[in-house]
Amino acid sequence: MLVSPHAAVGAALGAHLPAPAALPAAIASHYLLDLIPHWQETLYPYTPTRKTYLRVPLDLALAGLLIGVVARRHPEQRRRIWASALAATLPDLDAVVVLKPSLLEQPLLRCYWDWHCQIQQETARLHGVATQLLAIGLGLRVGRARSSGSMR
């Protein structure tokens, strides 16, 4: 899944969950979203293309914009929102192995990489964009909603 849906959902969780729960919930949300069919321009074994190098900065910029939208709505939770959004995207840092495959010689990273790749429900078909737009929309809707104050 692209970074933006993970970030939007993580930001929403940071806006509405108390500090001790927000970060683990955001990390868990990452893996749940990966189970949903989603589009990517490159599929396993993840050979970057020119499209990848165009998509990644645009995706990161959109993620930052989405987090900012949620954070502006909840200034008192701004730090937690940004931290939760970051936590929701951190599991994809394993993608660095695409650029440095020798990292997979480390057994723990290899095990995590293999598992993370296996849970992906990626498709090259554009209908997989709809699920990501839905995740972004839901993240924004929930993230921008005002809390009753009971979960802070």
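Residues numbered from 1 in each chain as written. Predicted model: local features only at pLDDT ≥ 70, side-chain atom pairs only at ≥ 80, totals over all residues. Heavy atoms only, no water.

Trainee: Which residues make up the packing of helix 2 (residues 19-34) against helix 6 (residues 107-119), and what values do they have?
Mentor: Viewed as axis vectors pointing N to C, helix 2 and helix 6 meet at an angle of 50°, and their least axial separation amounts to 8 Å. Between helix 2 and helix 6, the angle is such that the two are oblique. Contacts between helix 2 and helix 6 involve His30, Tyr31 and Asp34 from the former and Tyr112, Trp115, His116 and Ile119 from the latter. (Axes fitted to C-alpha atoms, helices over the stretch in contact; angles between N-to-C directions. Helix = DSSP H or I, 4+ residues; strand = E, 2+ residues; numbered from the N terminus. Parallel < 35°, antiparallel > 145°, perpendicular 65-115°, else oblique. Contact = heavy atoms within 4.5 Å.)

Trainee: Requested: an account of the pattern of salt bridges, with residues and values cited.
Mentor: Evaluation of the coordinates by the stated rule reveals three salt bridges. The salt bridge partner of aspartate 59 is arginine 55, with a shortest N-O separation of 3.5 Å. Residue aspartate 59 and its partner arginine 55 are located together in helix 3 (residues 50-73), separated by four residues, close to a single helical turn. Classification of aspartate 59 by relative accessible area gives buried; the value is 6%. A salt bridge links aspartate 114 to arginine 110; the shortest N-O distance between them is 3.1 Å. Of the two residues, aspartate 114 and arginine 110 both sit in helix 6, four residues apart, roughly one turn of that helix. For arginine 110, a relative accessible area of 33% corresponds to the partly exposed category. Shared partners join several salt bridges into a network, and the residues in it are Glu41, Arg55 and Asp59. (Salt bridge = Lys/Arg side-chain N within 4 Å of Asp/Glu carboxyl O. Buried < 20%, exposed > 50% of the residue type's maximum accessible area, 1.4 Å probe, protein only.)

Trainee: Any chance you could break down a nonpolar patch on the surface for me, citing the residues and the numbers?
Mentor: Side chains of Leu86, Leu90 and Leu93 sit close together on the surface and give an oily, nonpolar patch of about 300 Å² of accessible area. Inspection of the secondary structure assignment puts leucine 86 in helix 4 (residues 78-89). (Patch = residues over 30% accessible without salt bridge, like charges linked within 9 Å, V, L, I, M, F, W, Y side chains within 5 Å. Areas by Shrake-Rupley, 256 points an atom, 1.4 Å probe, with all protein chains shown as cover.)

Trainee: I'd like a description of the layout of surface pockets, backed by residues and values.
Mentor: The volume enclosed by the largest pocket comes to roughly 750 Å³. Lining the largest pocket are 30 residues, with Val3, Arg55, Val56, Asp92 and Ala95 positioned closest to its centre. At the level of secondary structure, the elements contributing two or more residues to the lining of the largest pocket comprise helix 3, helix 4, helix 5 (96-99) and helix 6. In terms of residue count, helix 3 provides more of the lining of the largest pocket than any other element does, seven residues in total. Of the residues that constitute the lining of the largest pocket, the class distribution is 18 nonpolar, six polar and six charged. In this structure, the second largest pocket spans a volume of roughly 210 Å³. (1 Å grid on protein atoms, 1.4 Å probe; cavity = no way out; pocket = protein on both sides within 12 Å on 5 of 7 lines; lining within 4 Å. Points joined across faces, edges and corners; volume = space filled by probe spheres on them. Nonpolar A, V, L, I, M, F, W, Y, C, P; charged D, E, K, R; others polar.)

Trainee: How would you summarise helix 2 if you had to cite specific residues and measurements?
Mentor: For an α-helix, the turn length of 3.6 residues means that residues three or four places apart are oriented alike. With 16 residues, helix 2 extends 24 Å between its outermost C-alpha atoms, agreeing within 8% with the 22 Å of an ideal straight helix rising 1.5 Å per residue. Every buried residue of helix 2 is accounted for by Ala22, Ala26, Ser29, His30, Tyr31, Leu33 and Asp34. Contact partners of the buried residues in helix 2: helix 1 (3-16), strand 1 (38-39), helix 4, helix 6 and helix 7 (127-144). (Expected span 1.5 Å × (residues − 1).)

Trainee: Now, about the nonpolar core: what can you tell me, with residues and values included?
Mentor: It is characteristic of soluble globular proteins that their nonpolar side chains tend to be buried jointly. One finds Ala7, Ala11, Ala15, Ala63, Ile67, Val70, Ala71, Ile81 and Ala85 forming the largest nonpolar core, which totals nine residues. Elements with a minimum of two residues in this core: helix 1, helix 3 and helix 4. The dominant element in this core, judged by the number of residues it contributes, is helix 3, at four residues. For alanine 85, the residues in contact, after removing those within four places along its chain, are Ala7, Gly10, Ala11 and Ile67. With five residues, the next largest nonpolar core counts Tyr46, Val97, Trp113 and Cys117 among its residues. (Core = buried A, V, L, I, M, F, W, Y, C linked by side-chain atoms within 4.5 Å.)

Trainee: Would you mind going over the packing of aromatic side chains in detail, with residue names and values included?
Mentor: Overall, the coordinates contain four aromatic pairs when judged by the stated rule. Ring geometry for tyrosine 31 versus tryptophan 115: centroids 5.1 Å apart, planes at 55°, classification tilted. Taken together, the residues tyrosine 31 in helix 2 and tryptophan 115 in helix 6 connect sequence positions 84 residues apart. Residue tryptophan 115 is classed as partly exposed on the basis of its relative accessible area of 39%. For the pair tyrosine 112 and tryptophan 115, a centre-to-centre distance of 6.1 Å together with 45° between the ring planes defines the contact as tilted. Taken together, the residues span about one helical turn, with tyrosine 112 and tryptophan 115 both in helix 6 at a distance of three residues. One aromatic cluster in this structure is built from Tyr31, Tyr112 and Trp115. (Phe/Tyr/Trp six-rings, centres within 6.5 Å; stacked < 30°, edge-to-face > 60°.)

Keep in mind these numbers describe shape, not what the thing actually does.
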